[in-house]
Amino acid sequence: MAVVGAGPVGLAIAWRCAARGLRVVVHDPAPGSGASWVAAGMLAPVAEAYFGEHELTGLLTASAARWPAFAAELTEATGADLGYRTDGTLLVGLTADDLAEARRLWAYQQGLGLPVTPLRPSELRDREPALATRVRGGAFAPTDHQVDPRRLVAALRTAAVRAGATLAPSAVDRLSDLDAGVTVVAAGCGAAALAGLPVRPVKGQVVRLRAPGGVAPGFRHVIRGYADGEHVYLVPRVDGEVVVGATVEERTDTTVTAEAVLRLLRAAVDLLPELAGYDLVETVAGLRPGTPDNAPILGPLPGRPGVLAATGHHRHGIVLTPVTADLIADLITTGVADPLLAPFTPDRFTTEEGNPWN
Ligand code: GLY
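Residues numbered from 1 in each chain as written. Predicted model: local features only at pLDDT ≥ 70, side-chain atom pairs only at ≥ 80, totals over all residues. Heavy atoms only, no water.

**Things to note about the UniProt feature "domain: FAD dependent oxidoreductase" (unreviewed entry) in the protein chain**
As recorded in UniProt, the feature "domain: FAD dependent oxidoreductase" (unreviewed entry) lies at residues 2–331. In the segment residues 2–331, helix accounts for 33% and strand for 24%; the C-alpha atoms at its two ends are 15 Å apart. (UniProt positions renumbered as here; feature names shortened; annotations may be inferred. Helix = DSSP H or I, 4+ residues; strand = E, 2+ residues; numbered from the N terminus.)

**Brief notes about the sheet that holds strand E5 (residues 117–119)**
Taken in spatial order, the 8 strands line up as E5-E6-E4-E11-E12-E13-E10-E14 in an open sheet, and their pairing is mixed. Bordering the open sheet on either side are E5 and strand E14 (279–290), each of which pairs with just one other strand. Each adjacent strand pair in this sheet contributes to an overall mean axis angle of 25°, direction not counted. In this structure, E5 lies alongside strand E6 (residues 137–141), joined through 3 bridges in antiparallel fashion. Its bridge partner lying in E6, Pro 118 is registered against Ala 139. (Pairing = 2+ DSSP bridges. Axes fitted to C-alpha atoms, helices over the stretch in contact; angles between N-to-C directions.)

**Here's the deal with the site of the ligand**
If you check the shell around the ligand, you find Met 42, Glu 48, Tyr 233, Ala 246, Arg 288 and Arg 315 and nothing else. Contact distances for the ligand include 2.8 Å between a nitrogen atom and a backbone N or O atom of Arg 315. A class-by-class count of the residues in the shell around the ligand yields 3 nonpolar, no polar and 3 charged. (Near = heavy atom within 4 Å. Polar contact = N/O pair within 3.5 Å; in protein donor to acceptor, adjacent residues only side chain to side chain. Nonpolar A, V, L, I, M, F, W, Y, C, P; charged D, E, K, R; others polar.)

**Focus: the side chain of Thr 247**
You can see Thr 247 is positioned in the loop between strand E13 (241–245) and helix H8 (258–271). Side-chain polar atoms of Thr 247 contact the backbone nitrogen of Gln 205, separated by 2.7 Å. Polar side-chain contacts of Thr 247 include one of 2.5 Å to the side chain of Glu 249. Beyond its immediate stretch of four places on either side in the chain, Thr 247 contacts Lys 203, Gly 204, Gln 205, Ala 260, Leu 264 and Arg 288. (Contact = heavy atoms within 4.5 Å.)

**A word on the environment of Gly 10**
Summarising the element assignment, Gly 10 is placed in helix H1 (residues 8–19). In sequence terms Gly 10 and Thr 321 are 311 residues apart; their C-alpha atoms lie 8.8 Å from each other. Filtering out sequence-adjacent residues up to four positions away, Gly 10 remains in contact with Val 3, Gly 5 and Ala 186.

**What about the packing of aromatic side chains?**
For the structure shown, the criterion picks out 4 aromatic pairs. Ring geometry for Trp 67 versus Tyr 84: centroids 5.8 Å apart, planes at 25°, classification stacked. Residue Trp 67 is found in helix H3 (residues 54–78), and its partner Tyr 84 is found in the loop between H3 and strand E4 (89–93); the two are separated by 17 residues along the sequence. For Trp 67, a relative accessible area of 1% gives the class buried. Judged by its relative accessible area of 24%, Tyr 84 falls in the partly exposed class. Grouped by ring-pair contacts, the aromatic residues Trp 15, Trp 67, Phe 70 and Tyr 84 constitute a single cluster. Over the ring of Trp 15 we find Arg 16, and its NZ or CZ is 4.6 Å from the ring centre. The side chain of Arg 150 reaches across the aromatic face of Trp 37, ending 3.6 Å from its centre. (Phe/Tyr/Trp six-rings, centres within 6.5 Å; stacked < 30°, edge-to-face > 60°. Buried < 20%, exposed > 50% of the residue type's maximum accessible area, 1.4 Å probe, protein only. Lys NZ or Arg CZ within 6 Å of the ring centre and 35° of its normal.)

Right under this line is the structure:
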């Protein structure tokens, strides 16, 4: 079988399928250079449960539940440190207006039965003393965790190859060029040109900081904040890195703009003043593979025997990696589609006239 795309999703599918004895070739001229290179790696089924995305929230929750075993298995297979952290996520509002906006979403998430616990300001600061004193309030999402996507991709490459997969550094221009019984399109935004799927780039700009002196950042939770109307997240790694993200732009370029960096850093420092003293180590932009309903496209392509999609993961590629890999590998090796796949199949975008998004 062939997998087009060596991001986390493509590599995890290759790992799973190779481990079940399939001969797998993964095609990508630049593995891990897509959205995952920029991603912060939040595993956030709760904080990213948005209005009107009920089915997607179910998939995020199912995949997040697989993460502990997935991370343990990958570490066991490779010896790699994935930067997987389970300290949980603090959701905070800087001003009264920010807090009011945040509380509307928390109420919705609580209504779905998701674990979001409101905290008094004193409880917030007990958990994270480095927060600015003017942060008005917040909540705790204990099951929203994080992993380092760059470490994840490196580990998945190793695991896939150790399981017997081959990495081919070749670009694939046409699926018909591949000599494979089964082909999985896991090419992120490239799935549009390659397979006619309704995937569009959604630009995200990100800043990476580093705590000075080679120490860990002065906070341990992922912090997702509303700060004077800006949405920002701060993701602290044990190795000292802090990822500050992200813009969400309907654009196709990967230019980093001064305005975006200014807005991200202003919001970050408003929430956590000590970040102003951190080293600025990287500014970068990437393209999330967005779809018309913000949910991934998973399963067989109508009218294309042997071709499956595993793409369109938009803002959730890292958290959705385990469930995507398991369900696609099951489908390929057993022919049985897990019911979890049903809302996400490619045929939801086709009509009798064909694909209206082309
Ligand atoms: N999931 C974080 C982002 O898309 O920016």
